[in-house]
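Structure assessment
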Amino acid sequence: MSRKAMKVLALAAIAAVGVAACGNSGSPSSGAKASGKTLVIEGTPLSPMTADFNPFDSSGTGYVVNSIGLVNEPLYIYNNMVPTQAPIPMLASGQPTWAADGKSVTIPIRAGVKWSDGKPFTASDVAFTFNMLKANPKLFTAGAPAVTSATASSATSVTLNFATPQIANLFAIGQVYIVPAHVWSKVSDPSTFSDSNPVGTGPYVLDHFSPQGFTLKQNPGYWNKASVKVPEISFPAYTSNFNLVQPVANGDIDWAGNDLANIKADVLDKSPQNHTYLSSAPYFANNNVVGLVFNTTKKPLNDPAVRQAISLGIDRQQLSVQGETSYEPAATSSGGLMLPIDNSYLNPELANDLPATGDAAKLTSVLTADGWKKVGGKWSKGGQEIKFSISDPVPYSDYYTDAQLIAHSLNAQGMDVTVNGIGDATAWAADYANGTFDTAIHWSNQGPNPYFYYDGFLDSTLSAPVGKPAAGDNGRYSNPAAQAALAQFAGTTTASVQADALKKLQTIMSTEVPVAPLLYGGAWSETSTRNYTGWPTPSNPYMSPQPTSPYLEYTVLHLKPVA
């Protein structure tokens, strides 16, 4: 994925730029009922499933399998494949207007939209959603800053106010899912609300649910009904990536988002209708930074020198080749950028400073300088050893393999590392949110520029005490210098000021190592043209190719049934 330096996003009126591109409908009554086949999507292996479709619960079934964006819509969707493209209005009707100080934004709201239960959607629902999120910090918002207040001046205009300038943070703000005030205002605790029969503005509503999977059917009152060509969507339950090879190869799954080993022989060569985003190796675009996230509340992981030594002991090339089948290249800079895409921001002092196969000598030097000594073959200091676990889901076969490889390498260098393989991805997501882990291999946030990786990994305003769910900074890292650099970036659209902030964040990542960069993560996407065409391609990169929310709604609205 191309992530060029973020310019000032065009604020000229391009209302409904993306919606028009997929056939805008002025009224929900226009357009005929879709007549294509059931579209089968699998983005995350999860079995059994639970009827939890709360869009602010990062461990709920709907969030984990990425169905939320088909029911609940945000104000905007971003095309991260073309980072200079203006945000695509969804429940917004045009581009936002920011106050001069960057602390408030007024957003025009689309008229004529109805909730799936038939009640009208207005700007008051938007204001309610943001005020509810402010009042309930346990709700997951994928990094969106909390408002100080949100008000609807009319049915079609909302103003969001913030404590600090957030002009460069519209990506996170605009992609918050909007929920109906007439439903959620009656919920006593939104953080425990399962929303098992969700009401949304999106193109689909829940049809049937079972622990083995669920289906969504077309929302007959959807405001952009003419664009809907897919009548029904199925999200089946699978237990692991290994179980997906055959159904993906056979075309039983139309759209998958998984790391499938031997993709060419086992999937692509089975049918000319099977595709990955790139037609040849490495088959997948890169769109995130995969890192080993340290829980900095736990000893000895609260010691930056220990974290640096762990990073130095990892054989990233082995992870890339054995764990990721060479789909994801090894990270090369300790600063945390995704390279070479982010080269324009790179601090040259941090270029290629991560040893591809690890560096045992530097590991020893760092730990020795920090007062650690080898006792019985294990590093020890004050009677404590470097002992921790790596938690990742067994169904995520690549991450689980990566964790085993890391543990084996570090154990050979005097540490005591175990792998905590978790059978249920939702349980892992809950542990990661609640901070009940030692370390975890996890992807970064995505966005139109590197700020969003750092914000997700380092922003302590998104964190929470251990035992309570965090919206970011899952490792509970706290550093005033990091907060200042994040605020510096978010408060301006001046490229040189943003670049300076990113340089500071790179230095913090390199010296403090709250997260050890491991790999440049793949945008997993396997598609079949047996039943539908119109998928994103490198020649038509209209949206991220992954079946992830909120982006998949925009892709589904572009699909056309095969006659």
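Look a little higher up for the structure.
Residues numbered from 1 in each chain as written. Predicted model: local features only at pLDDT ≥ 70, side-chain atom pairs only at ≥ 80, totals over all residues. Heavy atoms only, no water.

1. As for the packing of helix α13 (residues 451-458) against helix α15 (residues 495-512)
Axis separation between α13 and α15 bottoms out at 11 Å; the angle between their running directions is 45°. Taken together, α13 and α15 sit at an angle that is classed as oblique. Crossing hand, α13 versus α15: left-handed. Judged by residue contacts, Tyr-451, Tyr-454 and Leu-458 of α13 engage Leu-502, Leu-505, Gln-506 and Met-509 from α15. Looking at the contact of α13 with α15 residue by residue, the classes come out as six nonpolar, one polar and no charged. (Axes fitted to C-alpha atoms, helices over the stretch in contact; angles between N-to-C directions. Helix = DSSP H or I, 4+ residues; strand = E, 2+ residues; numbered from the N terminus. Parallel < 35°, antiparallel > 145°, perpendicular 65-115°, else oblique. Left-handed = near helix turned anticlockwise from the far one by under 90°. Contact = heavy atoms within 4.5 Å. Nonpolar A, V, L, I, M, F, W, Y, C, P; charged D, E, K, R; others polar.)

2. Focus: the packing of aromatic side chains
Within this structure, the stated rule accounts for 27 aromatic pairs. Judged by centre distance (4.9 Å) and plane angle (75°), the rings of Phe-284 and Trp-524 are edge-to-face. With Phe-284 in the loop between β12 (274-276) and β13 (286-294) and Trp-524 in the loop between β20 (515-522) and β21 (526-528), the pair connects residues that are 240 residues apart, well separated along the chain. Take Phe-284: its relative accessible area is 1%, and that puts it in the buried class. Relative accessible area serves as the criterion here: at 11%, Trp-524 is assigned to the buried category. Considering the side-chain rings of Tyr-542 and Tyr-554, the 6.2 Å spacing of their centres and the 55° angle between planes classify their relative orientation as tilted. Separated by 12 residues along the polypeptide, Tyr-542 in the loop between β22 (532-533) and α16 (551-556) and Tyr-554 in helix α16 bring together distant segments of the chain. (Phe/Tyr/Trp six-rings, centres within 6.5 Å; stacked < 30°, edge-to-face > 60°. Buried < 20%, exposed > 50% of the residue type's maximum accessible area, 1.4 Å probe, protein only.)

3. Quick notes on the pairing of β20
Among the eight residues of β20, eight are classified as buried, and the element is accordingly described as predominantly covered. Bridge count for β13 against β20 is seven bridges, and the pairing is antiparallel. Bridge pairing in β20 places Val-293 opposite Val-515. (Pairing = 2+ DSSP bridges.)

4. What about α13?
Within α13, eight of the eight residues are buried, which leaves it mostly tucked inside the rest of the structure. Residues of α13 that are buried include every one of Tyr-451, Phe-452, Tyr-453, Tyr-454, Asp-455, Gly-456, Phe-457 and Leu-458, and no others.

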